[in-house]
Amino acid sequence: MAAYNFRFSARLCTHISSLGRISQSIPNPSRTSPLRSWPDAGCGRGYAAIGGSTPNEQPHANAPEIIESLSAQTPTATSEAATLGASETGAAETLEATTSTSITETLAPAASTRASSSIPTTSPTSIPPFNSTPTPAPLPPTPAKGPARRDGFVPRDVFPVPASITTSYFLGHHKAGLDRMKELVGQVELIIECRDYRVPLSSRNPLFEETLQGKQRMIVYTKRDLAQRVLDDNTRKIMTKWHYPHTVAFSDTSNPKDIAFIVNHAKKVARDHDSLTGTRMLIVGMPNVGKSTLLNALRRVGTGNSTKAAITGGQPGITRKIGGTVKITGQDDPLVYVIDSPGVFVPYMSNGQTMLKLALVGSIKDSLIPIITLADFLLFHINRNNPGLYKDYCPPTNDVMTWLKAVARKTGKLVKGGEEDYEAAAIWLVGRYRKGMLGRFMLDEVKEGGYQEWLEGEGKAGESVTQARKRIKKERIEAGRKRNMETALPSPEQSSHNIPWSVTMYS
Ligand SMILES: Nc1nc2c(ncn2[C@@H]2O[C@H](COP(=O)(O)OP(=O)(O)OP(=O)(O)O)[C@@H](O)[C@H]2O)c(=O)[nH]1
Ligand SMILES: [Mg+2]
């Protein structure tokens, strides 16, 4: 199990920050790609804050600049996205389907083992340019090997993660929130740790283990309605066993029974604690897993007060600071106060698959992962579950461009000249998955012993923390060397005037 340590986290953050600065001077097509604004993929947005959440953005001094630069969104794109959202056709509703199949994944093979599929891939040059910089081309589909379906379609069994995928997302408010949690932990009796039910393994944050160790914990799997309409008993049993002796809950915030279970557990903890001044509980979790929504639901069900105590929204980073205490129990109950906290990501993610899964469920900023890559990753998962989910648009395909082209055409997402708007189609499809309207399935595999395997894998997967540190240092030196070389080379103009480069450099 990877042991994340704060001193290292801060240093790693500094390294990544320097890398970000350096990388800005080196052209990298994947990082300079056009970044479209996304429509709010979640359900609710912007409630009045009573309990202390502040939406103002305060990036940490060490936060990777690359993240900030990538986050820039164009107003043109926002209005386009809004227009596109409005043009949704009714036919799309038929995409909704329920499937509870979990899937197994193999890590991506080396790029050299990829071969082009027999399905024709649309040339990336055919993507209509959104601005002057073209979207990076998606990787060619991997050869399909799995068992053939009745219609002869064979879904891909691996998804090669592009090497350019962002591996870090650790902002100032993540670090500040974590530091504050450390200070607070001695004053709370129970940690309510939220994880997204669609990614029960990937949404575990190892940083919390160190920060909150030794505290009584309740694991709440949120948004379960987005993976299964009715919670499958077997899945519930397996996941409950994973965390024994901690209590495990599954929540759909619109289901009062789910919320009452959590409130009752909180009351029990409060009774055992038996404090006249009340018992405090802290909600923690990855960004956008539904912490603030859960806090509001606990208050609604526990006290009957439906006013929102915390701001919620469909994007990560809505809550920026640890909130105030919010009472969630009625007059005759033991006093329970719950505290909301900002979502915290990890400073370095070695597993590209995990990064993509968290991006797909909306735990990291949309602008960090190219939308076509995300749509391709979604197609990969849909194909493993049920390619019939998009039967109204095209026959089963492993080629994301074919898929996007068909969806863009049928939903009228076109640019000037009648060309298909691939990015708009991709944004629309990912948004629909996030709302549970394009299949309800999990992205992580749930099986007996799966959690233990995950913890073991976390330690072994990719690089160790030391290896990551060494690699980042090496890359930094390499980039610096490259930059010096570029600065040192005389331009043709300088050469023609015979100005020595050393003079140019230091003048
Ligand atoms: N379908 C469904 N949506 C949910 C559920 N819980 C939360 N959401 C939605 O998920 C989105 C994120 O919810 P928030 O409560 O703001 O998430 P958060 O963890 O507080 O996010 P940060 O403060 O940004 O870290 C919102 O659009 C919610 O409406 C749920 O149980 N089911
Ligand atoms: Mg929040």
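- The name recorded for the protein in an unreviewed UniProt entry is Similar to Mitochondrial GTPase 1 acc. no. O74776, from Pyronema omphalodes.

### Things to note about the coordination of the magnesium ion (ligand 2)
Note on metal sites: the ideal angle is 109.5 degrees for four tetrahedral donors, and 90 or 180 degrees for six octahedral donors.
Phase 1: Surrounding the magnesium ion (ligand 2) are the protein donor atoms Ser292 (OG) and Thr319 (OG1), at 2.0 to 2.1 Å. Taken together, the positions of Ser292 in helix 8 (residues 291–303) and Thr319 in the loop between helix 8 and strand 5 (325–327) put the pair 27 residues apart, joining distant regions of the chain. Residue Ser292 shares its accessibility class with Thr319, and that shared class is buried.

### With respect to the site of ligand 1
Phase 1: Close to ligand 1 lie 25 residues; Asn288, Lys291, Thr293, Gly317 and Ile318 are nearest.
Phase 2: The separation between an oxygen atom of ligand 1 and a polar main-chain atom of Thr253 is 3.0 Å.
Phase 3: Backbone polar atom of Asn288 to an oxygen atom of ligand 1: 3.1 Å apart, as the coordinates give it.
Phase 4: Isolated, ligand 1 exposes 660 Å² of accessible area, and the fraction of that covered by the protein chains is 95%.
Phase 5: For the shell around ligand 1, the class distribution of residues is six nonpolar, 15 polar and four charged.
Phase 6: Both domains that meet at the shell around ligand 1, namely domain 1 (2–28 + 35–113) and domain 2 (172–339), each give it at least three residues.

### What about the packing of aromatic side chains?
Phase 1: This model, assessed by the stated rule, comprises ten aromatic pairs.
Phase 2: For the ring pair Tyr169 and Phe345, a centre distance of 5.3 Å and an interplane angle of 75° mean the geometry is edge-to-face. A residue pair is termed long-range when its members are at least 10 positions apart, and Tyr169 in the loop between helix 3 (75–86) and helix 4 (172–184) and Phe345 in the loop between strand 6 (336–339) and helix 9 (352–360) qualify at 176 residues. Residue Tyr169 shares its accessibility class with Phe345, and that shared class is buried.
Phase 3: Pairing Tyr197 with Phe250 gives two aromatic rings, centres 6.0 Å apart and planes at 85°, and the pair type is edge-to-face. Highlighted residues: Tyr197 in the loop between strand 1 (190–196) and helix 5 (207–211) and Phe250 in strand 3 (residues 247–250), separated in sequence by 53 residues.
Phase 4: Overall, the relative accessible area of 5% leaves Phe250 in the buried class.
Phase 5: One aromatic cluster in this structure is built from Phe159, Phe377 and Phe380.

### Some points on the pairing of strand 1
Phase 1: Burial within strand 1 is extensive, with seven of its seven residues counted as buried.
Phase 2: Burial along strand 1 is two-sided: Leu190, Ile192, Cys194 and Asp196 and Ile191, Glu193 and Arg195, pointing in opposite directions, are all buried.
Phase 3: Across seven bridges, strand 1 lies against strand 2 (residues 216–222) in parallel orientation. Opposite Ile191, over in strand 2, you have Arg217 as the bridge partner.

### Considerations on the packing of helix 10 (residues 371–385) against helix 12 (residues 422–434)
Phase 1: The interhelical angle for the contact between helix 10 and helix 12, taken along N-to-C directions, is 50°, at an axis separation of 9 Å. By the criterion of interaxial angle, the relationship of helix 10 to helix 12 is oblique. In this structure, the crossing between helix 10 and helix 12 has a hand that is left-handed. Here Ile371, Ile372, Leu374, Ala375 and Leu378 of helix 10 come into contact with helix 12, specifically with Tyr422, Glu423, Ala426, Ile427, Leu429, Val430, Tyr433 and Arg434.

### Examining the environment of Pro256
Phase 1: Position of Pro256 relative to the elements: it lies in helix 7 (residues 256–273).
Phase 2: In sequence terms Pro256 and Val301 are 45 residues apart; their C-alpha atoms lie 6.6 Å from each other.

### Here's the deal with the pattern of salt bridges
Phase 1: This model, assessed by the stated rule, comprises 18 salt bridges.
Phase 2: Linking Arg224 and Asp258 is a salt bridge whose minimum nitrogen-to-oxygen distance equals 2.8 Å. Here Arg224, found in the loop between strand 2 and helix 6 (233–242), pairs with Asp258, found in helix 7; they are 34 residues apart in sequence, far enough to count as distant.
Phase 3: Between Asp272 and Lys268 there is a salt bridge whose closest N-O contact spans 3.6 Å. Highlighted residues: Asp272 and Lys268, both in helix 7, separated by four residues, approximately one helical turn.
Phase 4: Salt bridges here are not isolated pairs; linked through shared partners, they connect Glu193, Arg195, Arg204, Glu209 and Arg217.

### Topic: the environment of Pro387
Phase 1: Note that Pro387 resides in the loop between helix 10 and helix 11 (400–411).
Phase 2: Placed 52 residues apart in sequence, Pro387 and Gly439 show a C-alpha to C-alpha distance of 9.8 Å.

### What to know about the sheet that holds strand 4 (residues 279–285)
Phase 1: Pairing within the open sheet is mixed, and its six strands lie in the order 3-2-1-4-6-5. The sheet is open, and its two borders are formed by strand 3 and strand 5, each paired with just one other strand. Ignoring which end each strand starts from, the neighbouring axes of this sheet average 30° apart.
Phase 2: Judged from the four bridges that link them, strand 2 and strand 3 form a sheet pairing that is parallel. Across the sheet, Tyr221 pairs through a bridge with Phe250, a residue of strand 3.

### Details of the side chain of Asp252
Phase 1: Looking at the secondary structure, you find Asp252 in the loop between strand 3 and helix 7.
Phase 2: Within the buried core, Asp252 has no salt-bridge partner, and the shortest N-O distance to an opposite charge, that of Arg224, equals 4.8 Å.
Phase 3: Looking at Asp252, its side chain comes within polar contact range of the side chain of Ser254, at 2.7 Å.
Phase 4: Excluding anything up to four places from it in sequence, Asp252 contacts Arg224, Asp225, Asp258 and Ile259.

Conventions and cut-offs
Each residue is numbered by its place in its chain's sequence as written, counting from 1. The naming scheme follows written order: chains are lettered A onward, ligands numbered 1 onward. Owing to the predicted nature of the model, reporting of local features is limited to residues with pLDDT of at least 70; listing and counting of side-chain atom pairs is limited to 80 or more, with chain, interface and lining totals taken over all residues. Side-chain figures throughout are based on the complete set of non-hydrogen atoms in the structure, without hydrogens or water. For Na, K and Ca the donor cut-off is 3.2 Å; for every other metal, N, O and S atoms count as donors within 2.8 Å. Water does not enter the count, which can leave sites looking incomplete. Per the convention used, a helix needs a DSSP run of H or I reaching at least four residues, while a strand needs a run of E reaching at least two, with both numbered from the N terminus. For the exposure calls, accessible area comes from a 1.4 Å probe over protein chains only, and a residue counts as buried if that area is under 20% of its type's maximum, exposed if over 50%, partly exposed in between. We call a residue near a given molecule or strand whenever any one of its heavy atoms falls within 4 Å of it. Counting of polar contacts relies on pairs of N or O atoms within 3.5 Å, with two restrictions inside protein: one atom must be capable of donating a hydrogen and the other of accepting it, and residues adjacent in sequence are counted only when both atoms are side-chain atoms. All accessible areas in this document rest on Shrake-Rupley with a 1.4 Å probe, and a residue is counted as covered only by the protein chains that are shown. Amino acid classes used here: Ala, Val, Leu, Ile, Met, Phe, Trp, Tyr, Cys and Pro are nonpolar; Asp, Glu, Lys and Arg are charged; the rest, including Gly, are polar. Residue ranges for the domains originate in an automatic or database domain assignment. Between rings of Phe, Tyr and Trp, where Trp is taken as its six-membered ring, a pair exists when centres lie within 6.5 Å; planes separated by under 30 degrees are stacked, by over 60 edge-to-face, and by other angles tilted. In short, DSSP must find at least two bridges between two strands for them to pair. Lines are fitted to the C-alpha atoms to define the axes, a helix being fitted only along its stretch in contact, and any angle between axes, read from their N-to-C directions, falls within 0 to 180 degrees. By the definition adopted for this analysis, an angle is roughly parallel if under 35 degrees, roughly antiparallel if over 145, roughly perpendicular if from 65 to 115, and oblique otherwise. Helix crossings are classified by the rotation of the near helix relative to the far one: an anticlockwise turn of less than a right angle makes the crossing left-handed, while a clockwise turn makes it right-handed. The contact rule is simple, with two residues in contact once any of their heavy atoms fall within 4.5 Å. Each salt bridge in this description consists of a side-chain nitrogen of Lys or Arg and a carboxyl oxygen of Asp or Glu lying within 4 Å of one another. By the counting scheme adopted, Arg and Lys are positive, Glu and Asp are negative, and His together with the chain ends is not counted.

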